[in-house]
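# Coordinate inspection notes
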Amino acid sequence: MKSAKQTRAAAAVLGAVIVVGSAVAPATANDGKPGNDGEAGTGETSKHVLLLSVDGLHQKDLDWYVGAHPQSAMATLVNHGTSYTHAQTPVPSDSFPGMVGQFTGGNPGTTGIYYDDTFNRSLLPAGTNDCKNTAPGTEVALTEAADKNPLALDAGQGLTGLPSSIMNMTGQPGSLLNPAALPVDPATCKPVYPHQYLKVNTVFEIAKSAGLTTAWSDKHPAYEILNGPSGKGVDDLFTPEINSQAPAPFTGDWTQDNAATQQYDGFKVQAVLNEIDGKDHSGTKTAAVPAIFGMNFQSVSTAQKLPTSDGLTGGYLPGGTAPGPLLSKALDYVDAAVGKMESALSSAGHAKDTTIILSAKHGQSPTDPNQLIRVPDSAIIDGLNTAWKAGHPASADLVAFSTDDDIMQLWLSDHSQAAAKFAKDYLTSHAATGNDINSATRTVATSGLSTVYAGSDVADYFGTKTSDPRYPDILGIARTGVVYTGGKAKIAEHGGASADDRDVPLVIAGPHDEKPRTVTSAVETTQIAPTILKTLGLDPRKLQAVQIEGTQTLPRH
């Protein structure tokens, strides 16, 4: 679900060799006018775009579900829309860069968003007051750690009667972030809010500038990053904290039990239903139906990651060809929610002027439980630091910060090419010990990594400059199935570069689409952003990431 929250939390990785630079190949963006032959929105525009991100959902999951449930709501979308069967997320395939990519059109090197929890070599630590005499370099935690109260579903707003009162949560969650938990800009000596950290504008800002209404629902107040640099892109942003304490009979946060996750997702589903009905997310105030709105589902993701929950086995059946019982139940839940939205649009008279987009921020790896190898990351980081200090006894630990899901990103205390090479050489020459799905001991060569990029090669991979203070010194791509965790509480993760992490569905169902269409050419989820604007009759070229990367709208054939 998220990266490490402590400086020495170890790194995660994922196995697949990928092309250097994950951005869509530069090309000339279309002119943004509805009706361009062969482009999404051909001859038509919609008044509304409803985007649904089902985190963890793979293309093969959607294929399986539609085949097994031909009368389902998701089958309806597929049978009345365009399916992009070879769509991929950015790398890293984490929620933050994934969602930011869908709403900006940019990959991490362009947006500056490499994960939800990263390190910045130029900013100052949270809480800094003496900005002239403080050394730069700090964690940037755009997670629940930034909330005023991370344990509260309302993130510290102070609502009584939670969780039933959560619909009264503010639609301006920036007010729920703790300034003392945010990194500090050395130039202004002020906290840097998520929207200020984003380098490029968003579709919400373009829509707002055209006088349109916007809304979105997601899992942390830090998703106020979607407001864009202006800080004003989303009119109604509903962000109940998913990592808060779930109520009895659940224990832990909302992700620790799939039934709890479904209850949590239900709050966001209700928000969307209220918005379709011409209200704000709370359902208490009249508001225009948003031009851009939607939500993020977590139920499929937790069903893929939990070994067991609610008396059911999580993940996939051996071989990874079909979901297990818990995941099947979660897919049913999501499908029922999509059906409610489709019915609400029809009842409100908006089925004829709304385009629905179904996709995912990320996939999940591995889908075959037989490939799982859980590797304790702390041993790898400790070994690397010990090796470094053997030759540099007066030095600090080499690893200043790391993220660990199933990708390895290390920020080093020594930002030199020589130090990066040292780290790469260590990682690629040492084995690591973990355990498989049956808890049997397994050993993996080269720290579980298939490829390691170091120093300037990482900058090249992301298409950024070596002067960029945000990119990691080490980027490790691990073999499919390697999950960096010290326990046995998860059987899958995301963040990496394998097919299981990146191959997500992408379906666009317009109000006048009557027959299914399939596009088999490779596309990226970053292309959703310019396509949203074109569908609304707006110019995709107003997106700064489109200008930088040449991100194209999605083709219709």
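So, a few notes on the structure that sits alongside this text. (Residues numbered from 1 in each chain as written. Predicted model: local features only at pLDDT ≥ 70, side-chain atom pairs only at ≥ 80, totals over all residues. Heavy atoms only, no water.)

Let us look at the overall build of the chain. Of regular secondary structure, the chain possesses 15 helices and 25 strands. Its C-alpha atoms give the chain a radius of gyration of 22 Å, near enough to 24 Å, the size a compact globule of 557 residues would have. Along the longest, intermediate and shortest principal axes, the C-alpha atoms of the chain span 70 × 55 × 50 Å. Burial analysis of the chain (557 residues in total) assigns 62% to the buried set. Intrachain contacts of the chain at a sequence separation of at least 6 include 74% that bridge at least 24 residues. For the chain, the accessible area works out to roughly 19,000 Å², and carbon and sulfur atoms hold 52% of it. Computed over 39 positive and 56 negative side-chain charges, the inter-centroid distance for the chain is 3 Å. (Helix = DSSP H or I, 4+ residues; strand = E, 2+ residues; numbered from the N terminus. Rg over C-alpha atoms; globule rule 2.2 N^0.38 Å. Buried < 20%, exposed > 50% of the residue type's maximum accessible area, 1.4 Å probe, protein only. Contact = heavy atoms within 4.5 Å. Areas by Shrake-Rupley, 256 points an atom, 1.4 Å probe, with all protein chains shown as cover. Lys, Arg positive; Asp, Glu negative; His and termini not counted. Charge placed at Lys NZ, Arg CZ, Asp CG, Glu CD.)

Glancing now at the pairing of strand S4 (residues 117-120). Neither face of S4 is left uncovered, since the one carrying Asp 117 and Phe 119 and the one carrying Thr 118 and Asn 120 both have all their residues buried. As judged from the four bridges shared by S4 and strand S5 (residues 138-141), these two strands associate in the antiparallel manner. Counted as the bridge partner of Asn 120 is Thr 138 from S5. (Pairing = 2+ DSSP bridges.)

Before going further, it helps to examine helix H7 (residues 258-276). Given a rise of 1.5 Å per residue, 19 residues ought to cover 27 Å, and the 27 Å separating the end C-alpha atoms of H7 matches this to within 8%. By the criterion of burial, H7 is predominantly enclosed, with 15 of the 19 residues buried. Residue Asp 257 occupies the N-cap position of H7, its side-chain oxygen lying 2.8 Å from the main-chain nitrogen of Ala 259. One or two positions beyond H7, positive phi appears at Gly 278, with a value near 80°. (Expected span 1.5 Å × (residues − 1). Polar contact = N/O pair within 3.5 Å; in protein donor to acceptor, adjacent residues only side chain to side chain.)

On to the pattern of salt bridges. All chains considered together, the criterion is met by eleven salt bridges. Among the ionic pairs, Lys 208 bridges to Asp 235, the shortest N-O distance being 2.5 Å. Of this pair, Lys 208 sits in helix H6 (residues 203-209) while Asp 235 sits in the loop between strand S8 (215-217) and strand S9 (236-238), and the two are 27 residues apart along the sequence. For Lys 208, a relative accessible area of 31% puts it in the partly exposed group. Notably, a salt bridge pairs Asp 265 with Lys 268, separated by 3.4 Å at the nearest N-O pair. Note that Asp 265 and Lys 268 are positioned in helix H7 at a spacing of three residues, about one turn of the helix. Pair check on accessibility: Asp 265 and Lys 268 agree, each one buried. (Salt bridge = Lys/Arg side-chain N within 4 Å of Asp/Glu carboxyl O.)

Across a sheet, strands are paired by hydrogen bonds formed along the backbone, either parallel or antiparallel in direction. The three strands lie next to each other as S22-S3-S25, forming an open sheet whose pairing is mixed. Pairing within the sheet leaves two strands with one partner each, and these edge strands are strand S22 (503-504) and strand S25 (523-524).

We now examine unusual backbone geometry. The residue after Ala 248, namely Pro 249, is reached through a cis peptide bond having omega 15°. Its place among the elements puts Pro 249 in the loop between S9 and H7. At Thr 446, a position not held by glycine, the phi torsion is positive, near 45°. Within the secondary structure layout, Thr 446 lies in the loop between strand S18 (441-444) and strand S19 (449-454). Given the relative accessible area of 25%, Thr 446 is considered partly exposed. One non-glycine residue, Ser 447, lies in the positive phi region at around 60°. Assignment of secondary structure puts Ser 447 in the loop between S18 and S19. What makes Ser 447 buried here is its relative accessible area of 1%.

On to the sheet that holds S19, then. With antiparallel pairing, four strands are arranged side by side in an open sheet as S15-S16-S20-S19. Here the strands that pair on one side only, and so sit at the sheet edges, are strand S15 (399-404) and S19. The sheet shows a mean angle of 15° between the axes of neighbouring strands, direction not considered. Pairing analysis gives three bridges linking strand S16 (residues 408-412) to strand S20 (residues 474-478), with the strands arranged antiparallel. Within the sheet, the bridge partner assigned to Leu 410 lies in S20 and is Ile 474. In the packing of helix H10 (residues 377-391) onto the sheet, contacts are made with S15 and S16, and the angle to S15 comes to roughly 155°. (Axes fitted to C-alpha atoms, helices over the stretch in contact; angles between N-to-C directions.)

Bringing the nonpolar core into the picture now. Phe 103, Trp 216, Leu 226 and Ile 532 are the most contacted members of the largest nonpolar core, which has 44 residues in total. Elements with a contribution of two residues or more to this core: strand S1 (48-54), helix H3 (95-104), H6, helix H14 (528-535) and helix H15 (544-549). With residues near it in sequence (within four places) discarded, Ile 532 still touches Val 49, Leu 51, Phe 103, Ile 292 and Ile 357. Counting residues in hydrophobic clusters, the runner-up holds 40 residues, among them Leu 57, Leu 77, Leu 273 and Leu 327. (Core = buried A, V, L, I, M, F, W, Y, C linked by side-chain atoms within 4.5 Å.)

A separate point is the packing of aromatic side chains. Summed over the entire model, instances satisfying the criterion amount to twelve aromatic pairs. Aromatic pair Phe 103 and Phe 204: ring centres 4.6 Å apart, planes at 50°, arrangement tilted. Residue Phe 103 is found in helix H3, and its partner Phe 204 is found in helix H6; the two are separated by 101 residues along the sequence. Plain terms: the ring middles of Tyr 461 and Phe 462 are 5.2 Å apart, the flat faces sit at 85° to each other, and that makes the pair edge-to-face. (Phe/Tyr/Trp six-rings, centres within 6.5 Å; stacked < 30°, edge-to-face > 60°.)

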